[in-house]
Amino acid sequence: MKKTSTRLADGRELIYYDSADAVVRDAVDLRPLEPVATTSQTRDDRLLGDTVAIASHRQGRTYHPPADQCPLCPSREGRRSEIPAADYEVVVFENRFPSLTGDKGRCEVVCFTSDHDASFADLTPERARQVLDAWTDRTQDLSQLPGVVQVYPFENRGEEIGVTLGHPHGQIYGYPFTTPRTQLMLRSLAEHRERTGRNLFDDVLADERADGSRIVLAGEHWTAFVPYAAHWPYEVHLYPNRRVPDLLGLDEDARAEFPGIYLELLRRFDRIFGDDQPPTPYISGWHQAPFTAPDRRDFALHLELFTIRRTSGKLKFLAGSESGMGAFVNDVPPESAAARLREVATP
């Protein structure tokens, strides 16, 4: 994979990832952009012990533009976008409206394809592998920034999730702190080690594989399952069978098998509610070990994929118990969700 780094008109970095070394990326961003001005800051909540990013400048970010004004499509005569080139494969660039910036982290946008009407599930295995390699490369580069503690590549898909740009894309957050969800995992990891002498992630994966009722897909190098205490109506966790702390730790065999497994999961998600239903909204994200965690080698890289749709035409809203107290109530038994995801396998 060839990597070409360049700069947009306002100084933000943009990186092309291409499958062929012969590709030349010399298009120049000709837009008259002012330097990005942000007001991002982080504040610690003394009661809950977590951190909140305050980013008022994001109120003015691009919101549901028409397709012919999409800022993630390639540039063409008469219309300049965030990507100066007339076509591209995979592109990563600094977000123009970042939640985190400077010594408070970094936010990037990942465009999976130049095809505005596609989705990740439409990618070829070769392109999905290219995205995986881009995620890995960004994890490596962001780990070198002094303000970044944890890297989270993720995709929000669907207006129901809150997506404001329809072009197939994801994001990468380089947090300047360890996220609350990861803090809970690290706490449980340490408690399990003290209590049993074993690794919690290893035991969870082994227990799911032994039980089998919640397994969705099982490859030689990856296992996908609905967790025993799933929070969301349809939620799948994807683990490499060999524990590694982050994307950098995956070996070539795991990397080669990933596209087939992941693309099949996404295609099944789109069939959960029937072929006549609109595409399933989802959030998909990689959980990686914080760089500062003392026991980071005990952490297990994994991907969590879930939808907020609980049945055809109905969403799972986070109301009083979930939003007010953080206590989830799931309407779909995990075993039923796993069975449905097995039923809708690609013919």
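Residues numbered from 1 in each chain as written. Predicted model: local features only at pLDDT ≥ 70, side-chain atom pairs only at ≥ 80, totals over all residues. Heavy atoms only, no water.

Describe the nonpolar core, naming the residues involved and giving the relevant values.
Counting residues in hydrophobic clusters, the biggest one holds 49 residues, and the most contacted among them are Phe120, Trp135, Leu238 and Trp286. No other element matches helix H4 (residues 252–269), which puts eight residues into this core. If sequence neighbours within four positions are ignored, tryptophan 135 has contacts with Phe112, Phe120, Pro153, Ile172, Leu247, Phe258 and Trp286. One finds Cys73, Tyr88, Val91 and Val109 within the second-largest nonpolar core, a separate group that totals 14 residues. (Core = buried A, V, L, I, M, F, W, Y, C linked by side-chain atoms within 4.5 Å. Buried < 20%, exposed > 50% of the residue type's maximum accessible area, 1.4 Å probe, protein only. Helix = DSSP H or I, 4+ residues; strand = E, 2+ residues; numbered from the N terminus. Contact = heavy atoms within 4.5 Å.)

Tell me about the packing of aromatic side chains, residues and numbers included.
Taken as a whole, this structure holds 19 aromatic pairs when the rule is applied. With a centroid separation of 5.3 Å and 75° between ring planes, the pair formed by phenylalanine 120 and tyrosine 262 is classed as edge-to-face. Here phenylalanine 120 is found in the loop between strand S6 (106–111) and helix H1 (125–142), whereas its partner tyrosine 262 is found in helix H4, with 142 residues between them in sequence. Residue phenylalanine 120 shares its accessibility class with tyrosine 262, and that shared class is buried. Site record: aromatic cluster; members linked through ring pairs are Phe112, Phe120, Trp135, Trp222, Phe258, Tyr262 and Trp286. (Phe/Tyr/Trp six-rings, centres within 6.5 Å; stacked < 30°, edge-to-face > 60°.)

Tell me what's going on with the pattern of salt bridges, and back it up with residues and numbers.
Close approach of charged atoms allows side chains with opposite charge to pair. For the structure on display, the rule yields 32 salt bridges. Of the charged contacts in the structure, one is a salt bridge between arginine 181 and glutamate 304, with a shortest N-O distance of 2.9 Å. Of the two residues, arginine 181 sits in helix H2 (residues 180–196) while glutamate 304 sits in strand S13 (residues 302–307), which places them 123 residues apart along the sequence. Judged by relative accessible area, which is 38%, arginine 181 ranks as partly exposed. Among the salt bridges present, the one from arginine 198 reaches aspartate 203, with a minimum N-O distance of 2.8 Å. Since its relative accessible area comes to 16%, aspartate 203 is described here as buried. Because the salt bridges share partners, they merge into one network encompassing Lys3, Arg7, Glu13, Glu94, Arg106, Glu108, Asp137, Arg138 and Asp141. (Salt bridge = Lys/Arg side-chain N within 4 Å of Asp/Glu carboxyl O.)

Give a detailed account of the side chain of histidine 302, specifying residues and quantitative values.
Within the secondary structure, histidine 302 is located in strand S13. What makes histidine 302 buried here is its relative accessible area of 1%. In terms of polar contacts, histidine 302 uses its side chain to reach the side chain of glutamate 304, at 2.9 Å. The contact partners of histidine 302, leaving out residues within four places of it in the chain, are Met185, Phe201, Leu238, Tyr239, Gly285, Trp286 and His287. (Polar contact = N/O pair within 3.5 Å; in protein donor to acceptor, adjacent residues only side chain to side chain.)

Lay out the packing of H1 against H4 in plain terms, naming residues and giving numbers.
For the pair H1 and H4, interaxial distance at closest approach is 9 Å and the crossing angle is 120°. In terms of axis orientation, H1 runs oblique to H4. Every pair of crossing elements has a handedness; the one defined by H1 and H4 is right-handed. For the pair H1 and H4, the contacting residues are Pro125, Ala128, Arg129, Leu132, Asp133, Trp135 and Thr136 in the first and Glu252, Arg255, Ala256, Phe258, Pro259 and Leu263 in the second. Considering only residue class, the contact of H1 with H4 consists of eight nonpolar, one polar and four charged. (Axes fitted to C-alpha atoms, helices over the stretch in contact; angles between N-to-C directions. Parallel < 35°, antiparallel > 145°, perpendicular 65-115°, else oblique. Left-handed = near helix turned anticlockwise from the far one by under 90°. Nonpolar A, V, L, I, M, F, W, Y, C, P; charged D, E, K, R; others polar.)

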